[in-house]
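As a plain string of letters, each chain reads:
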Amino acid sequence: MLQSSENSFNPKAGSPASNPNAYNPIKTVTAPVDQATIGRTLFIKGEISGSEALYIDGRIEGKITMPESRVTIGRNGKVDASIQAREVVVMGKVTGNIECSDRVDIRAEGSVHGDISTTRISVEDGAALKGGIQVRSSEHKQHQPQAQNQSKPAEAPKTLAATASA
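Residues numbered from 1 in each chain as written. Predicted model: local features only at pLDDT ≥ 70, side-chain atom pairs only at ≥ 80, totals over all residues. Heavy atoms only, no water.

> Help me out: how do you make sense of the pattern of salt bridges in this one?
Side chains that differ in charge, positive against negative, can pair when their charged atoms come close. Following the criterion strictly, the structure yields nine salt bridges and no others. Between E61 and R59 there is a salt bridge whose closest N-O contact spans 2.6 Å. Among the ionic pairs, R120 bridges to D102, the shortest N-O distance being 3.0 Å. On the criterion of sequence distance, the pair formed by R120 in strand β10 (residues 120-123) and D102 in strand β7 (residues 98-106) is long-range, its members being 18 residues apart. (Salt bridge = Lys/Arg side-chain N within 4 Å of Asp/Glu carboxyl O. Helix = DSSP H or I, 4+ residues; strand = E, 2+ residues; numbered from the N terminus.)

This is the structure:
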């Protein structure tokens, strides 16, 4: 014989204390990421610089300088510019040189026509890349005493030439 007990959970009569996630979404504690967005209908010609992350879904011509930030070129983004940033993610089209202090990530739907200089690079299957690649060792990021640099010649960075098409 089944009998309901007072301790069993009834969703209609349950209080938020008995099931805290029943109707309340989980709230994050982290602060929102500061990111500027250039929408798909925007066209900018000139120089862009700043210290926050940048997401480009529109068109840019000129120069992008974000040395401490991430620059993401969205699927609709088209950039005809040189890019200097900490990190670059390419899902759209880039024509110009890329210089990164950390990494370049070219996704499957992305294409780059220009030279890349970085410490780490990732090119997914299906991505298009035409240009030179210079992968620096992570030692170049660390500051070394100048006396050591002058006493022995620095090893030349490795340069690769790559051509890939989708």
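> So what exactly am I meant to see when it comes to the nonpolar core here?
General note: in soluble globular proteins, nonpolar side chains tend to be found buried as a group. Ranked by internal contacts, the top residues of the largest apolar core, which has 25 residues, are I64 and I98. Broken down by secondary-structure element, the contributors of at least two residues to this core are β3 (53-56), β4 (59-73), β5 (78-90), β7 and β11 (128-135). The element contributing the most residues to this core is β5, with six residues. Excluding its chain neighbours within four sequence positions, the residues that come into contact with I64 are I48, L54, I56, V71, V79, S82, I83 and Q84. (Core = buried A, V, L, I, M, F, W, Y, C linked by side-chain atoms within 4.5 Å. Buried < 20%, exposed > 50% of the residue type's maximum accessible area, 1.4 Å probe, protein only. Contact = heavy atoms within 4.5 Å.)

> How should I be thinking about the side chain of E61 in this particular structure?
With respect to the helices, strands and loops of the structure, E61 is situated in strand β4. Here R59 takes part through its side chain, which lies 2.6 Å from a polar atom of the side chain of E61. (Polar contact = N/O pair within 3.5 Å; in protein donor to acceptor, adjacent residues only side chain to side chain.)

> How should the environment of E61 be read in this particular structure?
Owing to a relative accessible area of 18%, E61 belongs among the buried residues under this scheme. Along the sequence, E61 and S82 sit 21 residues apart, while their C-alpha atoms lie 8.8 Å from each other. Residues in contact with E61, not counting those within four places in the same chain, are F43, I44, K45, G46, D80 and A81.

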